Amino acid sequence: MENTTSKVVIITGASSGIGEATAKLLAKQGAKIVLAARREDRLQAIVNDIKQEGGEAVYFTTDVTSQQDTQELAQFALKQYGRIDVLVNNAGVMPVSRLNELRVEEWEHMIDVNIKGVLYGIAAVLPAMREQQNGHIINVSSVAGHSVSPTSAVYSATKFAVRAISEGLRQEESPTSNIRSTIISPGITDSELINTVKSPEVQAMASHFSSLSISPYRIAGAIAYAIHEPEDTGINEIVIRPTAQSM
Ligand code: NDP
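Remember, it's a predicted structure, so these values are computed and weren't measured experimentally. (Residues numbered from 1 in each chain as written. Predicted model: local features only at pLDDT ≥ 70, side-chain atom pairs only at ≥ 80, totals over all residues. Heavy atoms only, no water.)

**Student:** Got a minute to help me understand the site of the ligand in this structure?
**Tutor:** In the neighbourhood of the ligand, 30 residues make up the surrounding shell, with I18, R38, R39, Y155 and S191 lying closest. Separating an oxygen atom of the ligand from a side-chain N or O atom of S191 is a distance of 2.6 Å. Burial of the ligand by the protein amounts to 95% of the accessible area it has alone, namely 880 Å². Looking at the shell around the ligand, the elements with two or more residues in it are α1 (17–28) and α5 (153–177). Counted by class, the shell around the ligand contains twelve nonpolar, 13 polar and five charged residues. (Near = heavy atom within 4 Å. Polar contact = N/O pair within 3.5 Å; in protein donor to acceptor, adjacent residues only side chain to side chain. Areas by Shrake-Rupley, 256 points an atom, 1.4 Å probe, with all protein chains shown as cover. Helix = DSSP H or I, 4+ residues; strand = E, 2+ residues; numbered from the N terminus. Nonpolar A, V, L, I, M, F, W, Y, C, P; charged D, E, K, R; others polar.)

**Student:** What is the right way to look at the pairing of strand β6 (residues 179–186) in this model?
**Tutor:** Every regular strand shows the same layout, with side chains that alternate between the two sheet faces. Burial runs high along β6: eight of the eight residues are buried. Both faces of β6 are covered, namely the face carrying I179, S181, I183 and S185 and the face carrying R180, T182, I184 and P186. In terms of strand pairing, strand β5 (residues 135–140) meets β6 through six bridges, oriented parallel. The residue bridging V140 from the neighbouring strand is I184, located in β6. Assessed by its sense of winding, the connection that carries the chain from β5 through α5 to β6 is right-handed. With four bridges connecting them, β6 and strand β7 (residues 237–240) associate as parallel partners. (Buried < 20%, exposed > 50% of the residue type's maximum accessible area, 1.4 Å probe, protein only. Pairing = 2+ DSSP bridges. Right-handed = clockwise from strand over helix to strand, strands pointing away.)

**Student:** Is there a simple way to think about the side chain of Q245 in this case?
**Tutor:** As for its placement among the helices and strands, Q245 is situated in the segment after β7. A relative accessible area of 12% means that Q245 is categorised as buried. Here I188 takes part through its backbone nitrogen, which lies 2.8 Å from a polar atom of the side chain of Q245.

**Student:** Hey, could you run me through the nonpolar core in this one?
**Tutor:** Nonpolar side chains in soluble globular proteins generally cluster together in the buried interior. Grouped together as the largest cluster of nonpolar side chains are 32 residues, with contacts concentrated most on V9, I11, L26, I33, L35, V88 and I223. With six residues, helix α7 (residues 216–228) is the single largest residue contributor to this core. Apart from the residues within four sequence positions on either side, I11 is in contact with G19, T22, A23, L26, I33, V34, L35, A36 and V88. Ranked by size, the runner-up nonpolar core spans 22 residues in total, among them A36, V58, I122 and A124. (Core = buried A, V, L, I, M, F, W, Y, C linked by side-chain atoms within 4.5 Å. Contact = heavy atoms within 4.5 Å.)

**Student:** So what exactly am I meant to see when it comes to the side chain of N139 here?
**Tutor:** Here N139 lies in strand β5. If we skip the residues at most four places from it in the chain, N139 touches N89, V118, I122, V162, S166, T182, I183 and I184.

**Student:** Is there a simple way to think about the pattern of salt bridges in this case?
**Tutor:** A pair can form between side chains of opposite charge whenever their charged atoms are brought close. Scanning the entire structure with this criterion turns up 14 salt bridges. When the shortest N-O distance is used, the salt bridge between E192 and R39 registers 3.0 Å. One end of the pair, E192, is in the loop between β6 and α6 (200–210); the other, R39, is in the loop between β2 (32–37) and α2 (40–52), with 153 residues separating them in the sequence. Judged by its relative accessible area of 34%, R39 is partly exposed. A salt bridge links E167 to R170; the shortest N-O distance between them is 3.0 Å. One end of the pair is E167 and the other is R170, both in helix α5 and three residues apart, which spans about a single turn. Judged by its relative accessible area of 31%, E167 falls in the partly exposed class. (Salt bridge = Lys/Arg side-chain N within 4 Å of Asp/Glu carboxyl O.)

**Student:** What is the right way to look at α1 in this model?
**Tutor:** A turn of α-helix holds 3.6 residues, and therefore any two residues three or four places apart point the same way. Taking 1.5 Å of rise per residue, the twelve residues of α1 would be expected to cover 16 Å, and the 17 Å separating its terminal C-alpha atoms lies within 8% of that figure. Here α1 lies mainly inside the structure; nine of its twelve residues are buried. Taken as a whole, α1 has its buried residues at G17, I18, G19, E20, A21, T22, A23, L26 and A27. In the core, the buried residues of α1 are packed alongside β1 (8–12), β2, α2, β6 and α7. (Expected span 1.5 Å × (residues − 1).)

**Student:** Even after reading the chapter, I still don't get helix α4 (residues 104–132), so can you show me in this structure?
**Tutor:** A rise of 1.5 Å per residue sets the reference length of α4, with its 29 residues, at 42 Å; its end C-alpha atoms lie 41 Å apart and thus fit the reference within 8%. Where α4 bends most, the angle comes to about 40 degrees, and this point is L126, followed within four residues by the proline P127. With its phi angle positive at about 55 degrees, Q133 sits one or two positions after the end of α4. (Bend = angle between axes of the 7 residues up to and from the residue.)

Laid out in C-alpha cells, this is it:
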C-alpha cells in the first residue's frame, strides 16, 4: 500500500453519505481533504470531526452545477495545499421515476449534477494535474450505470455517461500525462440519496431497498484502495454492491 500522507484529495458531495465516509477514512489515513458540497453547516461539522481525530481538512462551499464554483474549488485547493492529487467526483442526485411521469425538471437536474458536475470537476483539475504530470480522477457511477430498469432511465443514462467520460479520460490522459482514472460503481448504500426521490411510486419501494443497504464506508474503502495502489497501477473500475442485491 502506498502512503497517502502527502496526497491532497478534493471530494465533491462530501456533506453526507459516501462522500462524508470517504473524507473521514482518507483523513484517518493521512490525506489532506478538501470537502465540497452546498450545505456549509454539514461541511463545517465534518471538518471539525476530522480535526478532532487529528486529521487535516478544509471545506469550500460548492454547487457542482456551477462551473465557476467548481473552478473556484480547484483554485482554493491549490492555494491551500499547492497541488491536487485526487479528485473524487462523487456529488450526485437520484430522483428516479417512470418516464411517463414527465418529471422533466428532475431529468434536467440529474443531467446537471451527475453529468455536467462531473465534467466541470474534470475541467477544474485537469490543467493542474497535467502540469504536475500526475493525478487521479475518481468518478462515482453506479450499478445503474451498467444496467437499466424501470424508473432508472434518466439516472442510468447519467451514470452510463459517467463511465463513458471516465473511460475516455483514461484513454486520453493515462499514457501521456500519468493521470489515473477510476470508476466506482456502488450498489445500494446507506446514505441520504433516497431523499432525492420524489416519485410516490418509487418512494413506496424505498424501504425494501434500504433494508439491503451496505455502509458508505465499504465504498470509501474501495476508493481508498484505488488511491493507495502504486502510481504504475490504475484501478479502472470497481463494482461494489450488497451481497443480497440481485441487480
Ligand atoms: P447522499 O445524498 O448522502 O450524498 C450526495 C452528496 O451530493 C451530498 O453531499 C450532497 O450535498 C451532494 N450534492 C448534491 N447536489 C449537489 C450539487 N448541486 N452541488 C454539490 N454537491 C451536491 O448520497 P450518496 O452518498 O449515496 O451519493 C454519492 C454518490 O454515490 C452519488 O453520485 C450517487 O449517485 C452515487 N451512488 C449512490 C448509491 C446509493 O445507493 N447510495 C448507489 C450508487 C451510486 P449537498 O446537498 O450539501 O450539496
